[in-house]
Amino acid sequence: MRIAVCIKQVPNTEARLRVSRDGTWLEEDDLPFVINENDTFALEEGLKWAEATGGEVVVFSLGPDRVKDALLKALAVGAARAVHLADPAFLGGDALATGRALAAAIRREAFDLVLTGSQSDDLRFGGTGSIIAGHLGWPHVWLVMGVEVEAGHRTAKVTREMESGVNEISRVALPAVLEIQAGINHPRYASLKGIMAAKKKEISRPTPAELGLDAAAVGAAGSRLEVVSVAFPESGSGAQMLEGDVKTAVAALVEKLQKEARVL
Amino acid sequence: MAKIWVVVQQREGQLPRISWEAVAAAQKLAAHLGGGKPEAFVLGAGIGLAAAEVAKADLAAVHVADDEALRTYTPGGTIGVLAAAIRAGRPDYVIFPHTYQSVDFVPRLAQETESGLLPEVTGFAAGDGGLVWTRPILGGKLQSKVKVKGEGTVLVSVQSGAFPADGVIKGEAPLQPLAVDPAGLRADREILGYEEVAGEKVDLTKADFIVAAGRGVGGADKMGPLEELAKVLGAEIAASRPVIDGGWLPRDRQIGSSGQTVAPRLYVAVGISGAIQHLVGMKGSSVIVAINKDPGAPIFSVAQYGIVGDLHEVVPALTAAIQAAKG
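Conventions used here
Residues numbered from 1 in each chain as written. Chains lettered and ligands numbered in written order. Predicted model: local features only at pLDDT ≥ 70, side-chain atom pairs only at ≥ 80, totals over all residues. Heavy atoms only, no water. Helix = DSSP H or I, 4+ residues; strand = E, 2+ residues; numbered from the N terminus. Rg over C-alpha atoms; globule rule 2.2 N^0.38 Å. Buried < 20%, exposed > 50% of the residue type's maximum accessible area, 1.4 Å probe, protein only. Contact = heavy atoms within 4.5 Å. Areas by Shrake-Rupley, 256 points an atom, 1.4 Å probe, with all protein chains shown as cover. Lys, Arg positive; Asp, Glu negative; His and termini not counted. Charge placed at Lys NZ, Arg CZ, Asp CG, Glu CD. Domains from an automatic or database assignment. Buried area = accessible area lost by both parts, 1.4 Å probe. Salt bridge = Lys/Arg side-chain N within 4 Å of Asp/Glu carboxyl O. Polar contact = N/O pair within 3.5 Å; in protein donor to acceptor, adjacent residues only side chain to side chain. Nonpolar A, V, L, I, M, F, W, Y, C, P; charged D, E, K, R; others polar.

When helices and strands are counted, chain B shows nine helices and 16 strands. Whereas a compact globule of 327 residues would reach a radius of gyration of roughly 20 Å, chain B reaches 22 Å, a difference of no more than 12%. Taken over the C-alpha atoms alone, chain B extends approximately 65 × 50 × 35 Å along its principal axes. When each of the 327 residues of chain B is scored for burial, the buried share is 58%. Contacts in chain B between residues at least 24 apart in sequence constitute 64% of all its contacts with a sequence separation of at least 6. Surface summary for chain B: the accessible area is close to 12,900 Å², and the carbon and sulfur share equals 51%. Averaged over its 30 positive side-chain charges, chain B has a centre that lies 4 Å from the centre of its 34 negative ones.

Right, let's get into the environment of Leu226(B). Residue placement: Leu226(B) occurs in helix H5 (residues 224-233). Residue Leu226(B) is classed as buried on the basis of its relative accessible area, which comes to 1%.

Another aspect to go through is the domain arrangement of chain B. Residues and elements named next belong to chain B. Segmentation of chain B into domains returns domain 1 (4-184) and domain 2 (204-326). The centre of domain 1, based on its C-alpha atoms, is set 34 Å off from the matching centre of domain 2. Contact with domain 1, which involves nine residues of that partner, is made by eleven residues of domain 2. Taking both partners together, domain 1 and domain 2 bury about 670 Å²; carbon and sulfur atoms supply 56% of that area. Asp-294 is the salt-bridge partner of Lys-141, the closest N and O atoms lying 2.9 Å from each other. For the pair domain 1 and domain 2, the interface holds three residue pairs in polar contact (both at pLDDT 80 or more). Across the side of domain 1 that touches domain 2, the residue classes tally to two nonpolar, five polar and two charged.

Here the focus is the domain arrangement of chain A. Assigned domains within chain A: domain 1 (2-222) and domain 2 (238-264). Between domain 1 of chain A and domain 2 of chain A, the C-alpha centre-to-centre distance is 44 Å.

Before going further, it helps to spend a moment on the interface of chain A and chain B. The interface is formed by 82 residues belonging to chain A together with 79 residues belonging to chain B. Carbon and sulfur atoms make up 58% of the surface buried where chain A meets chain B, a total of about 6,900 Å² over both sides. Counting the contacts that link chain A with chain B gives five salt bridges. Measuring nitrogen to oxygen at the nearest pair gives 3.6 Å for the salt bridge that ties Arg171(A) to Glu190(B). Counting across the interface, chain A meets chain B through 34 residue pairs in polar contact (both at pLDDT 80 or more).

So this is what it looks like as structure tokens:
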């Protein structure tokens, strides 16, 4: 099977975050970036099925030059090549604009399956994969906890997570877009050999025109949303922080729980 | 005049609280924009009672797509009905509850109807040149304020708890059957069945005290001190998703959108950063204590009391202090 996997490079949210000077995003100097967690599971699922069926994975990502690091990591664990939508016209888009661009890039090749993570940890739209599926006219399933490609590779049995501890089991026709939930598998680590091999693999960078797209239909220009500002939640709504060394803080907490909250 | 719609989610004829929250959000938006009352949509089969419940809210109409073809949710069926309605009615905003089901179909409904997509909002306010919407980003560490640009319908989903259900304005709305065109429904997913995930054996919803572990605990072998703390408190042990995915605790101990929703008297969150998926499952707790090494962790914004520090030192000290206090 030929499998496309869409990944996103996102800020490591464990890092110290600072709002950028223009107030609409983060200060990116010294900000560590990682492959979005759910996307690492999508990549592993793609590699697994490509290996099982004698196929290959092509990895797609939209984002600025720094995204090359994420693509090299994906190539190092076994993707055959990468497509990087890095043209400035592609950047700053909402899920609709990003999905439109990725669908146009995917459409240029024949794939049996497209995998993405179910949601990005940074902007949390949770819909880019479904939007890609809409453009391609393929079925999609969001929040996928299990994939079983059936004999002949024409259908897949898919487990979708629902609320309150119930899963839906369904069959979809291939090609399809499956949006993978974390925990579905155990993503592999790159070997030294894989890291060396990745440097020789192809990373193509098509422009909007090469994808047959009007630059005004993608990126910030092609979006229905415009970011006014990003900010830390207003202080004052948060917790009473109990300061001091561990013994002092814990003693203060127990007193609060007894006398103020009255739960002990 | 702004045209506001709300799509109410029902499951086996029951209306979850978040569906009423979506109704409250739609009413609030309609009042803010000075338009008429919102119109509601309910989809399913044999949903007369649920539709009648929705009609007790102050709405212009409740459109009821009651059809055997919609008995089991599929995106193709839902999108088929709603896309036709949106193309015919051209609403300004359609409000959805932000649920695992709505995220499965709303983005594609936006793509197919050329609507805007604005997921998981927690509020809106008047701003320069129109409405400014708030939504969480970066795992809830920051809030993004966004404006909608361009022409046409916008599909908005509202996060659980953002628009309280008790804010629904009561009234009496006419029920209107919505004809379903079977040719417009796409068979995109053959439902084979449903399975309980490890059948919830432990009912955490009844617990008065909960000690919950997060990724920060560091491993299955490091759970001992939390169990000691739970013992002195008479608490149940629970966890956020990474702990469950890591196999440190069984799945029936999971709190959050894919686990149980709890509201104990005391919830002690240990090494939990507070991703939104976790917060929706526990933010109704009476008292929340958070212990985390990261002072910027979103868990501190919902907690009443916080300690920033190494949980491996704080937890044993807290256990000892509670034991001493209890005599």
